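Residue-level structure breakdown
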Amino acid sequence: GNRHDGTAESGALLKPTSASGHGVGIIKIARDDFTIEWLDISMDSLDSTNTNKCINLATGTGNLTIRNMLIHDKGGNPGSSGPSAIASGLSLTTSENWYFLNNIIYSLIETNNDSVVAINIRSFKGNLYICNNTIYKLKSHGGSKDAVAMRFGDGTHIQANIKNNIVAGLDEGDIAAAYWMDEVPNSNRVLNSATNLSDDTTDAAKDAE
């Protein structure tokens, strides 16, 4: 009954004023069959802190759905890794399903030589669904640092379904509707990508498709 209406700080607001710890996450998920939805997570008061992850998918995470979230407004220099809205280093197994649906992620700005990734799950092996998300205004800092909307696919097995996403307002870096860490997906990787949209701030070779 207290869910947000699609605009910032309109309901179901989580707005921390103290640091979470670097790499920890404002919300840390470590359980199976879990859904988190309809929260507005504002990092607007954390610019001078070491908080770099908004939602951290940690050891113990299994099947998961993150949907209808607002995640926004992290600036500054959080430390050795730049800001991410949703992040995980887990590989898991090919039977796990992760759904990221109908989320709005915006205004993640690094100020001291690091990359920014809105959804950073580069090691995941399993069935991935990234659909109907809007990602806007990501800014990295440094000559070799990227602003990336979605990073995934480093695992040897993945089926990635990337559809109906909008990405715009990237500064300094790369983007793809499907950002594979290997140059060419091998036979154990399946990519279903369709009706995604990116603007002219993306590298031409990595435009949405």
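Everything below is about the structure shown above.
Counting restarts for each chain, with residues numbered from 1 along the sequence as it is written. This being a predicted model, a pLDDT of at least 70 is required before a residue's local features are given, and a value of 80 or more before pairs of side-chain atoms are given or counted; all residues contribute to the totals for chains, interfaces and linings. Hydrogens and water are ignored here; the side-chain numbers use all heavy atoms of the structure.

Pairing is parallel across the open sheet formed by six strands, whose spatial order is E3-E6-E9-E12-E15-E17. Of all the strands in the sheet, just strand E3 (34-37) and strand E17 (189-194) have a single pairing partner and so form its edges. Taking each pair of neighbouring strands and ignoring which way they run, the sheet shows an average axis angle of 5 degrees. Think of it this way: DSSP has to see at least two bridges between two strands before they count as a pair. Here a helix means four or more residues in a row that DSSP labels H or I, a strand means two or more in a row labelled E, and each is numbered from the N terminus. By the bridge criterion, four bridges tie E3 to strand E6 (residues 64-67) in an arrangement that is parallel. From the neighbouring strand, Phe34 faces E6, where its bridge partner is Leu64. Fitted lines through C-alpha atoms serve as axes, helices being fitted only where they are in contact, and the angles separating the N-to-C directions of these axes extend from 0 to 180 degrees.

Moving on: the pattern of salt bridges. Salt bridges, as used here, are contacts in which a Lys or Arg side-chain nitrogen is within 4 Å of a carboxyl oxygen on Asp or Glu. The full count for this structure, using the stated rule, is four salt bridges. A salt bridge links Lys15 to Glu9; its shortest N-O distance comes to 2.9 Å. In this structure Glu9 comes out as partly exposed when scored by relative accessible area, which is 41%. The closest approach of N and O atoms between Asp171 and Lys139, which form a salt bridge, is 3.9 Å. Working definition: with a 1.4 Å probe on protein chains only, accessible area under 20% of the residue-type maximum means buried, over 50% means exposed, and in between means partly exposed.

What follows is about the pairing of strand E8 (residues 84-87). Across three bridges, the pairing between strand E5 (residues 53-57) and E8 is parallel. In the strand pairing of E8, Lys53 is matched with Ser84. By the bridge criterion, three bridges tie E8 to strand E11 (residues 116-121) in an arrangement that is parallel. From the neighbouring strand, Ile86 faces E11, where its bridge partner is Ile119.

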